[in-house]
Amino acid sequence: MSITTEAELIGMKKASEAVAYALREMRNFAKPGISTKELDEYGGKILNDLGAKSAPYVTYGFPGWTCISVNKEFCHGIPSEKRILKEGDLINIDVSAELNGFFSDNGGSFVIGEDVNQHQKLIEASKEILHKAIHNIKGGVRISDIGFIMETEAKKRGYKVIKNLTGHGIGRGLHEEPHEIANYRDRFNLTRFKKNSVVAIETFISTTSTIAETLKDGWTMVGNKGGFMAQHEHTIIVTEGKPIILTEMNGIWN
């Protein structure tokens, strides 16, 4: 969407604060010994208490309030009572929600407890790449140029990007135009970021895979060549200068 009124700006800010707060609190709540279902229910209650509805559930009938992916799962992981978190697990939580007709989206990867499996380097790379990408976005910048920054920064650090997962426009729906904000330079994508538009920018930084494939459950995605992936995501408003980071409260850069 494009922000044209003060009411729209306030609406997007409130929806963004809801998802950012839920993500931050879920990250604080996550620990070894709890199930991903328990973690999801915790996040769902926060959204519910704020009057927000789970966007993946409302939009696609996703079987959970939030997407929680662990270790070799890249994204869209289904919360489960059987999935018990362990020390050193790489976990990704993606929280998107609708509040009073406005949608916002954010996510982050982190380690449960101590980093016994050495995932932190990948996580830090993803955070840094998201920061650099977002701070190069302004009205008129080509979407493919931001993708080029992301892939170049990933390669510098010895990583790859997932080419079939992308950021997207957001606002009145969970996924809006521009539909593909890729993590690489897509030379066929000539579109540019528009001033006052709302977009969800997300990284998909991988150790070995370049394509994400869907498992038999119809939701969970894993890498075509295995390995691990880190994702971090903010919903922002594009301006003529520094973007407005609506989900900054989630603290993924802290």
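Calculation rules
The numbering scheme is per chain: residues are counted from 1 as the chain's sequence reads. For a predicted model such as this one, the threshold for reporting local features is a pLDDT of at least 70, and the threshold for listing and counting side-chain atom pairs is 80 or more; totals across whole chains, interfaces and linings nevertheless cover every residue. By convention in this description, side-chain values take in all heavy atoms of the structure and omit both hydrogens and water. Strands here are runs of E lasting at least two residues and helices are runs of H or I lasting at least four, both read from the DSSP assignment and numbered beginning at the N terminus. UniProt positions are given in the numbering used here, feature names are shortened, and annotations may be inferred rather than shown by experiment. Here, a strand pair is defined by DSSP locating no fewer than two bridges between the strands. To obtain an axis, a line is fitted to C-alpha atoms, over the contacting stretch when the element is a helix, and the angle between two such axes runs from 0 to 180 degrees between their N-to-C directions. The criterion is simple. A nonpolar core is a set of buried Ala, Val, Leu, Ile, Met, Phe, Trp, Tyr and Cys residues joined through side-chain atoms within 4.5 Å. Remark: exposure states derive from per-residue accessible area (1.4 Å probe, protein chains only) relative to the maximum for the residue type, with buried under 20%, exposed over 50%, and partly exposed in between. Any two residues whose heavy atoms approach within 4.5 Å are treated as being in contact. Two rings from Phe, Tyr or Trp (for Trp, the six-membered ring) form a pair when their centres are within 6.5 Å of each other. A pair whose planes differ by under 30 degrees is stacked, one over 60 is edge-to-face, and the rest are tilted. A ring is scored as having a charge over it whenever the NZ atom of a lysine or the CZ atom of an arginine sits within 6 Å of its centre and within 35 degrees of its normal.

The next point concerns unusual backbone geometry. The omega torsion of the bond from Glu-177 to Pro-178 falls at -5°, within 30 degrees of zero and hence cis. Tracing the backbone shows Pro-178 in strand β8 (residues 176-181). Of note, the phi angle at His-76 is positive, near 60°, even though the residue is not glycine. The topology assignment puts His-76 in the loop between β3 (73-75) and β4 (90-99). In the Ramachandran plot, Asn-100 falls in the positive-phi region, its phi being about 55° despite a non-glycine side chain. Its place among the elements puts Asn-100 in the loop between β4 and β5 (102-111).

With that settled, consider the UniProt feature "domain: Peptidase M24" (unreviewed entry) in the chain. Per the UniProt annotation, the sites labelled "domain: Peptidase M24" (unreviewed entry) are residues 12-240. End C-alpha to end C-alpha, residues 12-240 measures 19 Å, and it is 29% helix and 27% strand.

Quick look at the sheet that holds β3 now. For sheets, the rule is that strands pair by backbone hydrogen bonds, running either parallel or antiparallel. Pairing in this open sheet of 3 strands is antiparallel, and the strands run β3-β12-β11 from one edge to the other. Only two strands of the sheet have a single neighbouring strand rather than two, namely β3 and β11 (212-214). On average, each strand axis in the sheet is inclined to that of its neighbour by 50°, with strand direction left out of account.

Turning next to the nonpolar core. The biggest cluster of nonpolar side chains holds 64 residues, and the ones touching the most others in it are Leu-39, Ile-91, Phe-193 and Ile-201. Top contributing element to this core by residue count: helix α1 (residues 6-29), with 8 residues. Excluding residues that lie within four positions of it along the chain, Ile-91 makes contacts with Leu-39, Ile-68, Ser-69, Val-70, Leu-85, Gly-108, Ser-109, Phe-110 and Ile-112. Listed in part, the 8 residues of the second largest apolar core include Cys-75, Leu-165, Ala-212 and Met-221.

Another point: the UniProt feature "binding site: a divalent metal cation 2" (unreviewed entry) in the chain. As recorded in UniProt, the feature "binding site: a divalent metal cation 2" (unreviewed entry) lies at Asp-105, His-168, Glu-202 and Glu-233. These annotated residues cover 129 residues of sequence, but their C-alpha atoms sit close together, with the largest distance between any two at 10.6 Å. Those residues in contact with Glu-202 that sit more than four places away from it in its chain are Asp-94, Leu-130, Met-150, Thr-166, Gly-167, His-168, Asn-183, Gln-231, His-232 and Glu-233. The class of Glu-233 is buried, set by a relative accessible area of 0%. Dropping the residues within four chain positions of it, Glu-233 is found in contact with Asp-94, Asp-105, Asn-106, Gly-107, Leu-130, His-168, Ala-200, Ile-201, Glu-202, Thr-247, Asn-250 and Ile-252.

A few words on the packing of aromatic side chains. One pass over the structure, following the stated rule, counts 2 aromatic pairs. Measuring from centroid to centroid gives 5.2 Å for Phe-62 and Trp-219, while their planes differ by 90°, and the two rings are edge-to-face. Highlighted residues: Phe-62 in the loop between α3 (55-60) and β2 (67-70) and Trp-219 in the loop between β11 and β12 (221-223), separated in sequence by 157 residues. Note on Phe-62: relative accessible area 1%, which makes it buried. Residue class for Trp-219 comes out partly exposed when judged on its relative accessible area of 25%. Lying over the aromatic face of Phe-148, Arg-185 brings its terminal NZ or CZ to 4.2 Å of the ring centre.

Of all 5 residues in strand β9 (residues 198-202), 5 are buried; the element is thus mostly enclosed. As judged from the 2 bridges shared by strand β7 (residues 167-169) and β9, these two strands associate in the antiparallel manner. Its bridge partner lying in β9, Gly-169 is registered against Val-199. Summarising the sheet, β9 and strand β14 (residues 232-237) pair through 5 bridges and their orientation is antiparallel. Its bridge partner lying in β14, Val-199 is registered against Ile-236.

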